[in-house]
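Fold and contact review
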Amino acid sequence: MTMSEQNGDERTAVSVIGLGRLGARLAQAFLNAGHGTTVWNRTGAKADALVAQGAVRAADVRAAVAASPLVVLCLPDYATGAELLGPVADGLGGRVLVNLTSGTPEDAVRTADWAREHGAGYLDGAAMSGTRLVGRPEALFVFSGSQEAFAAHRRTLSSLGDARHLGEDPALAPVYDTALFGMIWGALAGFHHSLALAGAAGVAPTAFAAVAEGHMPFIISLLAEHARQIEDDRFPDDDGTVDVHRAAMGHLLDTSRAQGVGTELPELLRTLLERTAAEGHGASGIASVAKAIARG
């Protein structure tokens, strides 16, 4: 832990290696929060705008690592990180490496072990709100790995947004990253299908979105409720049974087909509901579809 973090100083120096779209936003957020920020990128011109705002351009990766107690990676893949840091591993001792590179749980565990062997604290992480919200409180960032490293640098990482530590297992961040990505696309696909269906009836996308936003609190409330049901393995039919929703999905499928709208999504969902019913959960609440999914 650095002295600045022990004293609660929120301006710990940070180095950002990799200045793609996300990496540049990370560096910008650290700069905006008043942190001394060193940056490095293979294509040096990508650092120009940040340097003009006060960032320090590192001459090479070794200089970037040496400049700060907190080193943030944002690279195309873990192999690139290994390629860049391998030759300078002797300079990692006593520092904390934060890896915001997308990859697999196996990548995260392997990199955490490597960092530990070279005396560095390690946090694997994921930016769950894209690039647009980086630096704002509502931008969700998840981290896993060393609790000590996270506690030491939590204030600094909170410059990026809502920084949450998931646990000591470094694999957890990529697991959440992948799972939440799937949830986002499930929600967006449903919304896009809804826009197409409403649009076929002459409804403007923004008009439909205004009503859909009002429906979101109910949908959000289902998340915690269904999670409890799945944990308890009890599926009350308060929100309708699988059979009821299977019939309703048939109506959605027929209406979509009649309006000339793509039917891929309702067909997928009806298949899932039919499989859940076939496994004996037709009279169960709809959260029981999770059992069918989990069984593959």
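One structure accompanies this document, and this report is about it.

Rules used throughout
Residues numbered from 1 in each chain as written. Predicted model: local features only at pLDDT ≥ 70, side-chain atom pairs only at ≥ 80, totals over all residues. Heavy atoms only, no water. 1 Å grid on protein atoms, 1.4 Å probe; cavity = no way out; pocket = protein on both sides within 12 Å on 5 of 7 lines; lining within 4 Å. Points joined across faces, edges and corners; volume = space filled by probe spheres on them. Helix = DSSP H or I, 4+ residues; strand = E, 2+ residues; numbered from the N terminus. Nonpolar A, V, L, I, M, F, W, Y, C, P; charged D, E, K, R; others polar. Pairing = 2+ DSSP bridges. Contact = heavy atoms within 4.5 Å. Axes fitted to C-alpha atoms, helices over the stretch in contact; angles between N-to-C directions. Salt bridge = Lys/Arg side-chain N within 4 Å of Asp/Glu carboxyl O. Parallel < 35°, antiparallel > 145°, perpendicular 65-115°, else oblique. Left-handed = near helix turned anticlockwise from the far one by under 90°.

1. Quick look at empty space enclosed by the protein
Counted under the stated rule, the structure contains 1 cavity of 30 Å³ or more. Put simply, the largest cavity is a space of about 30 Å³. What lines the largest cavity is Tyr78, Thr101, Ser102, Gly103, Asp124, Gly125, Ala126, Ala173, Pro174 and Asp177. Of all the elements in the fold, those that place two or more residues in the lining of the largest cavity are strand E6 (121-127) and helix H8 (172-200). Taken together, the residues that form the lining of the largest cavity break down as 4 nonpolar, 4 polar and 2 charged.

2. Overview of the sheet that holds strand E7 (residues 140-145)
Strands sit in the order E3-E2-E1-E4-E5-E6-E7-E8 across an open sheet of 8 strands; the sheet is mixed. Two strands close off the open sheet at either side, each with one partner strand: strand E3 (56-57) and strand E8 (162-165). In terms of strand pairing, strand E2 (residues 37-40) meets E3 through 2 bridges, oriented parallel. Paired with threonine 38 across the strands is valine 56, a residue of E3. Seen against the sheet, helix H6 (residues 105-117) touches strand E5 (96-99) and E6 and runs at an angle of roughly 150 degrees to E6.

3. Let's talk about the pattern of salt bridges
In this structure the tally under the stated criterion is 14 salt bridges. In this structure, aspartate 107 engages arginine 110 in a salt bridge whose closest nitrogen and oxygen atoms are separated by 2.6 Å. Here the residue aspartate 107 and the residue arginine 110 both occupy positions in helix H6, the gap between them amounting to 3 residues, near one helical turn. One salt-bridge network, in which partners are shared between bridges, spans Arg275, Glu279 and Arg295.

4. Topic: the packing of helix H10 (residues 242-258) against helix H11 (residues 264-281)
Where H10 meets H11, the axes come as close as 9 Å, and the angle between the chain directions of the two elements is 160 degrees. In terms of orientation, H10 lies roughly antiparallel with respect to H11. Considering the relative orientation of H10 and H11, their crossing is left-handed. From H10, Val242, Asp243, His245, Arg246, Met249, Gly250, Leu252, Leu253, Ser256 and Arg257 reach across to H11, where they touch Pro266, Glu267, Leu269, Arg270, Leu273, Glu274, Thr276, Ala277 and His281. Residues of the contact of H10 with H11, tallied by class, amount to 8 nonpolar, 5 polar and 6 charged.

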